[in-house]
Amino acid sequence: MAELFFTSDTHSYVFPTDYISDEKRNMGYIAAASQFADGAIIADGGDVLQGSPLIRYELEKGIRPFTAAEAFNRAGLSIYTPGNHDFNFGYDTLRDFLTSLEADTVAANLIDERGELDVRRFVIKDTSDGLRLLFVGVITDYVNIWEKKENLEGLKIIDSVRAAKEALEEGRKFSPDFTVCIYHGGFDDDESGEIRENRGMELAELGFDVLLTAHQHAIIEPKRIGTAITLQTGSKAMHYARLVFKHDRSIEAEILATDGSLPLKKCFQAMDDTVEKQVLLSLKEPIGRINGVLLDSSKLESAVHGSSLADFFGDIQLGFSGADVSAVSLFNDPVSLGPVVTLGSLLASYPFANTLLKLRLTGAMLKEAMERSASYFDEEDGNVRISDRFTIPKEEHYNYDFYRGISYAFDIRKPLGQRVVHLMLGDTDLLENPEKKLTIVLNSYRATGTGGYGVYRKAEVLERYSQDVQDLLIGYFKKEDDIKIPEKTGFALIY
């Protein structure tokens, strides 16, 4: 038999910490990898170069090699398929990371025009037990949508399904016993647009024995789609997959939780944690003060009654861009901010390095987008609850948007698509003037139409800002001495 251990979307959470609590957490790559069997094949599905305060610090200070690369090497990682966030900082940073890995970079739809990355379309792994495994890697096509043009200079992302099919056909000439596709992408039902983000269903039908997915930060227990056993392991190395390939052609697969309380393997005990200690110290340093607390008390409470934290982020975006309207999403875990603000608490409240775009659209297009946010709620026996649309198969509270610069109301007694019953931009009723042009500022993730907001793909892009929101927030706190709680947005929920 042959064993395979798989992680993805670690986002440089290397140590068993969430950088919010001082307690050891059941997460982090070295804790997960300490549970991997010796002699197994180890693979990762990408997204390392963005996310944790550790990688942010290393990028800011120019620290090389990256701590995550050292952890991968010590674990014995043999296969790495990059994720979309690994392209966020351009060719040179991606090269620094990939060339420091002892693993093979496997990505059939990544074309390296500069020839410095040694990217492979597929690899063959022969095990000591006499089994031969073929690995094909592909990356979500949406890198072409999300990533800034300058970050893809020297690189090209081609069609993932076509590339996977061609690599599978070529790799089969080597007579593998099992075929595995590592896909930095997942599953969804959105078939609109020429470029699609999550094409797992198509890949599962190509004839692979195993499809290891990523990108969506979901826990997908092993199941069969088409010919393939498929799964997904979440994020931050809180879970990992174990697969066993047997000579009788059977495959066992399971998702296991990381146990941060277990002793680390010897290979990790000798790791230099100097940089990690510097990161932890930097997170505790105060960078500003608020005259109160910016609240995200609970996901339902914030969505129904408003969130001063979301209002604050919205005001920052409006002031920076000069747009008429701002759309802001908060994240799955409620985090409030203040009155003393440290770098750690700020990054915990806004944990992703999104950039901003300013779009021009009509009142009708804004209403269409807001109808998606209005679908966050369901009415049940006179009470309001968060709809299963945003919690099953995974929690997606970050796909509910808060709006600033307008007054608006949702009536959730009405059918989906008809719930926005009040929408005012200053003195202009946008429901009565649907062709009225306006501008909106929102993060790059939302501007691509992700999360059910496809209407934004039809809007005119006026400005793409290179500064990420985290840097924007840090700069604001360093500049302003006395930050006040913003006035509440004019929003009403009718149920």
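Quick note: structure is the one above.
Quick caveat: nothing in here was measured; it's all calculated off a predicted structure.

(A) Summary view of the packing of aromatic side chains. Enumeration over the complete set of coordinates arrives at 31 aromatic pairs. Their ring planes at 75° and their centres at 6.4 Å tell us that Tyr-398 and Tyr-445 sit as a pair that is edge-to-face. Separated by 47 residues along the polypeptide, Tyr-398 in the loop between β21 (383–386) and β22 (401–404) and Tyr-445 in helix α14 (residues 444–447) bring together distant segments of the chain. In textbook terms, an aromatic cluster arises when at least three aromatic residues are bridged by ring pairs, as seen for Phe-5, Tyr-29, Phe-36, Phe-66, Phe-72, Tyr-80, Phe-97 and Tyr-240. Its end group placed over the ring of Phe-178, Arg-249 keeps NZ or CZ at 4.6 Å from the ring centre.

(B) Here's a closer look at the pairing of strand β8 (residues 132–139). Within β8, 7 of the 8 residues are buried, leaving the element largely enclosed by the surrounding structure. Across 7 bridges, the pairing between β8 and strand β10 (residues 178–184) is parallel. Bridging across to β10, Val-138 finds its partner in Tyr-183.

(C) Layout of helix α2 (residues 53–61). Here α2 lies mainly inside the structure; 7 of its 9 residues are buried. Among all positions in α2, only Pro-53, Leu-54, Ile-55, Arg-56, Tyr-57, Glu-58 and Leu-59 are buried. Buried-residue contacts for α2 involve α3 (67–75), α4 (90–100), α9 (274–283), α12 (343–349), β27 (460–468) and α15 (469–479). Gly-62 lies just past α2 and shows a positive phi near 70°.

(D) Quick look at the sheet that holds strand β19 (residues 355–362). Reading across from one edge, β22-β17-β26-β19-β27 is the order of the 5 strands in this open sheet, with mixed pairing throughout. This sheet does not close on itself; its edge strands, each paired only once, are β22 and β27. Averaged over all adjacent pairs, the angle separating strand axes in this sheet is 25°, with direction ignored. Direction of pairing for β19 relative to β27: antiparallel, over a ladder of 5 bridges. Following the sheet pairing, Leu-359 is matched in β27 by Val-461.

(E) Structural detail: the nonpolar core. Among the nonpolar cores identified, the biggest contains 117 residues, and Tyr-29, Phe-97, Leu-366, Phe-377 and Phe-410 are the most heavily contacted of them. Excluding residues within four positions of it along the chain, Leu-366 makes contact with Leu-361, Tyr-403, Ile-406, Leu-423, Leu-430, Leu-438 and Ile-440. Formed by 23 residues, the second largest nonpolar core is a distinct cluster that contains Ala-43, Val-210, Leu-212 and Ala-241.

(F) Here's a closer look at the pattern of salt bridges. In total, this model carries 39 salt bridges according to the counting rule given. A salt bridge links Arg-385 to Asp-388; the shortest N-O distance between them is 3.3 Å. Given a relative accessible area of 27%, Arg-385 falls into the partly exposed group. Each of Arg-64, Asp-92, Arg-95, Asp-96, Arg-114 and Glu-116 takes part in one network of salt bridges that share partners.

(G) Representation of the pairing of strand β14 (residues 239–245) in the model. Counting buried positions over the 7 residues of β14 gives 5, a clear majority of the element. With 5 bridges joining them, strand β1 (residues 2–7) and β14 adopt antiparallel strand pairing. Across the sheet, the residue bridging to Leu-4 is Leu-243, located in β14. Where β14 lies against strand β15 (residues 251–257), 7 bridges are found, and the strand directions are antiparallel. If you follow Val-244 over to β15, its bridge partner there is Glu-252. Joining the antiparallel neighbours β14 and β15 is a turn of 5 residues, in which Arg-249 adopts a positive phi near 75°.

(H) Spotlight on the sheet that holds strand β25 (residues 428–429). Taken together, the 4 strands give an open sheet; going across it, the order is β25-β24-β23-β28, and neighbouring strands pair in mixed fashion. Of all strands in the sheet, those with a lone pairing partner are β25 and β28 (491–494), marking the two edges. By the bridge criterion, 4 bridges tie strand β23 (residues 407–411) to β28 in an arrangement that is parallel. Among the inter-strand pairings, Phe-410 is bridged to a residue of β28, identified as Leu-493.

(I) Highlighting the packing of helix α11 (residues 308–321) against α15. Look at α11 against α15: their axes get within 11 Å of each other, and the N-to-C directions meet at 90°. If you check the angle between α11 and α15, you find them roughly perpendicular. For the pair α11 and α15, the contacting residues are Phe-312, Phe-313, Ile-316 and Phe-320 in the first and Leu-472, Leu-473, Tyr-476 and Phe-477 in the second. Looking at the contact of α11 with α15 residue by residue, the class counts come to 8 nonpolar, no polar and no charged.

(J) Local environment of the side chain of Asn-151. Its place among the elements puts Asn-151 in the loop between α5 (143–146) and β9 (155–157). Within the structure, Asn-151 has its side chain in polar contact with the backbone oxygen of Asn-88 (distance 2.8 Å). Ignoring anything within four residues of it in the chain, the contact list for Asn-151 reads Phe-87, Asn-88, Phe-89, Gly-90 and Tyr-91.

(K) View of the packing of α2 against α9. Between α2 and α9, the shortest axis-to-axis distance is 10 Å and the interhelical angle comes to 100°. As summarised for this structure, α2 and α9 are arranged roughly perpendicular, according to the angle between their axes. Seen from α2, the contacting residues are Pro-53, Leu-54, Tyr-57 and Glu-58; seen from α9, they are Val-275, Glu-276, Gln-278, Val-279, Ser-282 and Leu-283.

(L) Highlighting the environment of Pro-53. Summarising the element assignment, Pro-53 is placed in helix α2. For Pro-53, a relative accessible area of 11% translates into the label buried. For the pair Pro-53 and Leu-280, spaced 227 residues apart in sequence, the C-alpha separation works out to 8.5 Å.

(M) Local environment of unusual backbone geometry. The residue after Arg-64, namely Pro-65, is reached through a cis peptide bond having omega -5°. The peptide bond linking Gly-338 to Pro-339 adopts the cis configuration, its omega dihedral lying at 0°. Turning to its location among the elements, Pro-339 is positioned in the loop between β17 (325–329) and β18 (340–342). Non-glycine residue Tyr-19 carries a positive phi angle of around 65°. Position of Tyr-19 relative to the elements: it lies in the loop between β1 and α1 (29–33). Of the residues examined, Tyr-19 reaches a relative accessible area of 8% and is grouped as buried. One non-glycine residue with positive phi stands out, namely His-217, at about 60°. Looking at the element boundaries, His-217 is found in the loop between β11 (210–213) and β12 (219–225).

Thresholds applied
Residues numbered from 1 in each chain as written. Predicted model: local features only at pLDDT ≥ 70, side-chain atom pairs only at ≥ 80, totals over all residues. Heavy atoms only, no water. Phe/Tyr/Trp six-rings, centres within 6.5 Å; stacked < 30°, edge-to-face > 60°. Helix = DSSP H or I, 4+ residues; strand = E, 2+ residues; numbered from the N terminus. Lys NZ or Arg CZ within 6 Å of the ring centre and 35° of its normal. Buried < 20%, exposed > 50% of the residue type's maximum accessible area, 1.4 Å probe, protein only. Pairing = 2+ DSSP bridges. Contact = heavy atoms within 4.5 Å. Axes fitted to C-alpha atoms, helices over the stretch in contact; angles between N-to-C directions. Core = buried A, V, L, I, M, F, W, Y, C linked by side-chain atoms within 4.5 Å. Salt bridge = Lys/Arg side-chain N within 4 Å of Asp/Glu carboxyl O. Parallel < 35°, antiparallel > 145°, perpendicular 65-115°, else oblique. Nonpolar A, V, L, I, M, F, W, Y, C, P; charged D, E, K, R; others polar. Polar contact = N/O pair within 3.5 Å; in protein donor to acceptor, adjacent residues only side chain to side chain.

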